Amino acid sequence: PENVETASLFQIPLLGGPPRKLVENINTAPAFSPDGTRMAFVRGMANGEQVIVLANADGTGERRLASRVEPDPYAYTRMAWSPDGSEIAAFAGEMPAQRTRIVLVNVETGKERAFSEWTFDVPGQLTWLADASVLVFDASDPGGGRFGGTGQLWSISYPGGTLRRLTNEGA
């Protein structure tokens, strides 16, 4: 998309010194693997494709993991690595209807699978609990169709897919 801003990721030494550019042309904050050696982010391509890119933590060794195109792209929100490092959870969804869902992408093969049947409006950040039993995220009511509705915190059990609302703001 033409109106999406891109950014560069820099490493800034804690005790001073010049910053070092690690990655250019990224559209999401990086998600780091559990061991801290790799990162994943979404990059929008000129042809409208959104690509999940894997790279070493120092920015080297970039490779395409998976891609989607409009009208069903990856959302420009930070993804989450599973605690065992084997999968990445990401929002993907039909635009402009805002019916996003969570998908899991295998880190080795790039093969994608649905996490659950639930859909959400205005997806936010994803994070796994350390024991991999639950994925926590923020989004508006699932399938509510109210663009700009009140965001909530949610959890979905893994692997069962049981949805639980954690907050009740604005309801």
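Some points on the pattern of salt bridges
And then number 1: In this structure the tally under the stated criterion is eight salt bridges.
And then number 2: Its salt-bridge partner being Arg-68, residue Asp-72 comes within 2.7 Å of it at the nearest N-O pair.
And then number 3: With a relative accessible area of 13%, Arg-68 lands in the buried category.
And then number 4: The salt bridge partner of Arg-101 is Asp-72, with a shortest N-O separation of 2.7 Å. Residue Arg-101 is found in strand β9 (residues 99–106), and its partner Asp-72 is found in the loop between β6 (63–68) and β7 (80–81); the two are separated by 29 residues along the sequence.

A look at the sheet that holds strand β13 (residues 151–157)
And then number 1: If you walk across this open sheet you meet the four strands as β11-β12-β13-β14, and the pairing is antiparallel. Edge positions in the open sheet fall to β11 (126–128) and β14 (163–165), since each of these has one partner strand only. For this sheet, the mean inter-axis angle between neighbouring strands, taken without regard to orientation, is 25°.
And then number 2: Sheet topology places β11 next to strand β12 (residues 134–140); three bridges connect them, and they run antiparallel. For Thr-127, the partnering residue across the bridge sits in β12 and is Val-136.

A few points about the sheet that holds strand β3 (residues 31–32)
And then number 1: Judged by pairing direction, the sheet is antiparallel, and its four strands sit side by side in the order β3-β4-β5-β6 without closing on themselves. Sheet topology places β3 and β6 at the edges, where each strand pairs with a single neighbour.
And then number 2: Pairing of strand β4 (residues 38–44) with strand β5 (residues 50–56), which is carried by seven bridges, proceeds in the antiparallel orientation. In the sheet register, Arg-43 faces β5, and the bridge partner there is Val-51.

Considering the environment of Arg-99
And then number 1: Its place among the elements puts Arg-99 in strand β9.
And then number 2: Taking C-alpha positions, Arg-99 is 5.7 Å from Asp-121, a pair spaced 22 residues apart along the chain.
And then number 3: Leave out the neighbours within four places in its chain, and Arg-99 touches Ala-92, Gly-93, Glu-94, Thr-119 and Phe-120.

Section: the side chain of Glu-87
And then number 1: Checked against the element boundaries, Glu-87 lands in strand β8 (residues 87–94).
And then number 2: With relative accessibility at 10%, the residue Glu-87 sits in the buried group.
And then number 3: Within the structure, Glu-87 has its side chain in polar contact with the side chain of Arg-113 (distance 3.0 Å).
And then number 4: Once residues within four sequence positions are removed from consideration, Glu-87 is found in contact with Ala-80, Trp-81, Ser-82, Leu-104, Val-105, Asn-106, Val-107, Arg-113 and Tyr-158.

What to know about the packing of aromatic side chains
And then number 1: With the rule as written, the count across this model stands at six aromatic pairs.
And then number 2: A ring pair is formed by Phe-91 and Phe-137, whose centres lie 5.7 Å apart and whose planes are at 75°; its orientation type is edge-to-face. Here Phe-91, found in strand β8, pairs with Phe-137, found in strand β12; they are 46 residues apart in sequence, far enough to count as distant. Pair check on accessibility: Phe-91 and Phe-137 agree, each one buried.
And then number 3: Residues Phe-115 and Tyr-158 carry aromatic rings whose centres are separated by 5.8 Å and whose planes lie at 20° to one another, so their mutual orientation is stacked. With Phe-115 in the loop between β10 (112–114) and β11 and Tyr-158 in the loop between β13 and β14, this residue pair connects regions lying 43 residues apart in the sequence.

Rules and cut-offs
Residues numbered from 1 in each chain as written. Predicted model: local features only at pLDDT ≥ 70, side-chain atom pairs only at ≥ 80, totals over all residues. Heavy atoms only, no water. Salt bridge = Lys/Arg side-chain N within 4 Å of Asp/Glu carboxyl O. Buried < 20%, exposed > 50% of the residue type's maximum accessible area, 1.4 Å probe, protein only. Helix = DSSP H or I, 4+ residues; strand = E, 2+ residues; numbered from the N terminus. Pairing = 2+ DSSP bridges. Axes fitted to C-alpha atoms, helices over the stretch in contact; angles between N-to-C directions. Contact = heavy atoms within 4.5 Å. Polar contact = N/O pair within 3.5 Å; in protein donor to acceptor, adjacent residues only side chain to side chain. Phe/Tyr/Trp six-rings, centres within 6.5 Å; stacked < 30°, edge-to-face > 60°.

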